[in-house]
Amino acid sequence: MKCTMLELELIDGSKIELTLNFARLLKVKNNNKKLYEEYMKALEGGKGFDPIFDSLKVLYVAYLCANSEKLGTDEVMSEDKFIEMVPPDMELINTVTAELVHPKKK
């Protein structure tokens, strides 16, 4: 599976990479099982789905996947810091989340 990176500009102008692929997702799961379970619930949608924070959860996991070699270090943002840095643009958040979860075949 090819690793496709998407770029997201944060509110301070810095840019981060986001990706979702199985090998990197397994690293996230092994590093933080609770977060992985929350991510899976966000993907399921259904009753209790929160379009803002469930989408942000997907983006945060994608950020961790893009930085999977740095998991467990101070080099990756905490989830709270990540949420503070993401632009409050729901159209952008939804678009990027959709591109990660349902990538276009090339």
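It should be noted that the structure appears before, not after, this text.
Everything numeric in this text was worked out from a predicted model, so none of it was measured. (Residues numbered from 1 in each chain as written. Predicted model: local features only at pLDDT ≥ 70, side-chain atom pairs only at ≥ 80, totals over all residues. Heavy atoms only, no water.)

Section: the overall build of the protein
Alright, step 1. Of the regular secondary structure elements, the protein holds 5 helices and 2 strands.
Alright, step 2. Mapped in sequence order, the helices and strands of the protein form the string β-β-α-α-α-α-α.
Alright, step 3. Taken against the 2.2 N^0.38 rule, which gives 13 Å for 106 residues, the C-alpha radius of gyration of the protein at 13 Å falls within 12% of a compact globule.
Alright, step 4. Put simply, the protein has 106 residues, and 37% of those count as buried.
Alright, step 5. Of the contacts formed within the protein by residues at least 6 apart in sequence, a portion of 58% connects residues at least 24 apart. (Helix = DSSP H or I, 4+ residues; strand = E, 2+ residues; numbered from the N terminus. Rg over C-alpha atoms; globule rule 2.2 N^0.38 Å. Buried < 20%, exposed > 50% of the residue type's maximum accessible area, 1.4 Å probe, protein only. Contact = heavy atoms within 4.5 Å.)

Structural notes on the environment of aspartate 12
Alright, step 1. Relative to the helices and strands, aspartate 12 is located in the loop between strand E1 (6–9) and strand E2 (15–18).
Alright, step 2. Note: C-alpha distance between aspartate 12 and methionine 85 (73 residues apart in sequence) is 7.1 Å.
Alright, step 3. Within the structure, aspartate 12 has its side chain in polar contact with the side chain of serine 14 (distance 2.6 Å). (Polar contact = N/O pair within 3.5 Å; in protein donor to acceptor, adjacent residues only side chain to side chain.)

Describing the pattern of salt bridges
Alright, step 1. Under the defined criterion, the tally for this structure stands at 4 salt bridges.
Alright, step 2. One salt bridge connects glutamate 7 with lysine 15, and the closest N-O pair in it is separated by 3.9 Å.
Alright, step 3. Here glutamate 38 ties to lysine 57 by a salt bridge, and the two come within 2.6 Å at their closest N and O atoms. Of this pair, glutamate 38 sits in helix H2 (residues 33–44) while lysine 57 sits in helix H3 (residues 53–66), and the two are 19 residues apart along the sequence.
Alright, step 4. A network of salt bridges, in which partner residues are shared, links Lys34, Glu38, Lys57 and Glu79. (Salt bridge = Lys/Arg side-chain N within 4 Å of Asp/Glu carboxyl O.)

Here's the deal with H2
Alright, step 1. For H2, spanning 12 residues, the distance from its first C-alpha to its last is 17 Å, which sits close to the expected 16 Å at 1.5 Å a residue.
Alright, step 2. Taken together, the buried positions of H2 are Leu35, Tyr36, Tyr39 and Ala42. Buried residues of H2, seen end-on, are gathered within an arc of 115° and therefore sit on one face of the element. Exposed residues on H2 whose side chains face more than 90 degrees from its buried face are Lys33, Lys34, Lys41 and Glu44. (Expected span 1.5 Å × (residues − 1). Arc of directions from axis to C-beta.)

A look at the nonpolar core
Alright, step 1. Grouped together as the largest cluster of nonpolar side chains are 29 residues, with contacts concentrated most on Leu18 and Tyr63.
Alright, step 2. Secondary structure elements with two or more residues in this core: E2, helix H1 (22–31), H2, H3, helix H4 (79–85) and helix H5 (90–101).
Alright, step 3. Per element, the largest residue contribution to this core is 9 residues, and it comes from H3.
Alright, step 4. If near-sequence neighbours (up to four positions away) are discounted, tyrosine 63 is found in contact with Ile16, Glu17, Leu18, Glu75, Val76, Met77 and Phe82. (Core = buried A, V, L, I, M, F, W, Y, C linked by side-chain atoms within 4.5 Å.)

Points about the packing of H1 against H2
Alright, step 1. At their nearest, the axes of H1 and H2 sit 5 Å apart, and the two run at 125° to each other. One way to sum up the angle between H1 and H2 is to call them oblique. Where H1 approaches H2, its residues Leu25, Val28, Lys29 and Asn31 are matched on the opposing element by Lys33, Leu35, Tyr36 and Tyr39.
Alright, step 2. A breakdown of the residues in the contact of H1 with H2 according to their chemical character gives 5 nonpolar, 1 polar and 2 charged. (Axes fitted to C-alpha atoms, helices over the stretch in contact; angles between N-to-C directions. Parallel < 35°, antiparallel > 145°, perpendicular 65-115°, else oblique. Nonpolar A, V, L, I, M, F, W, Y, C, P; charged D, E, K, R; others polar.)

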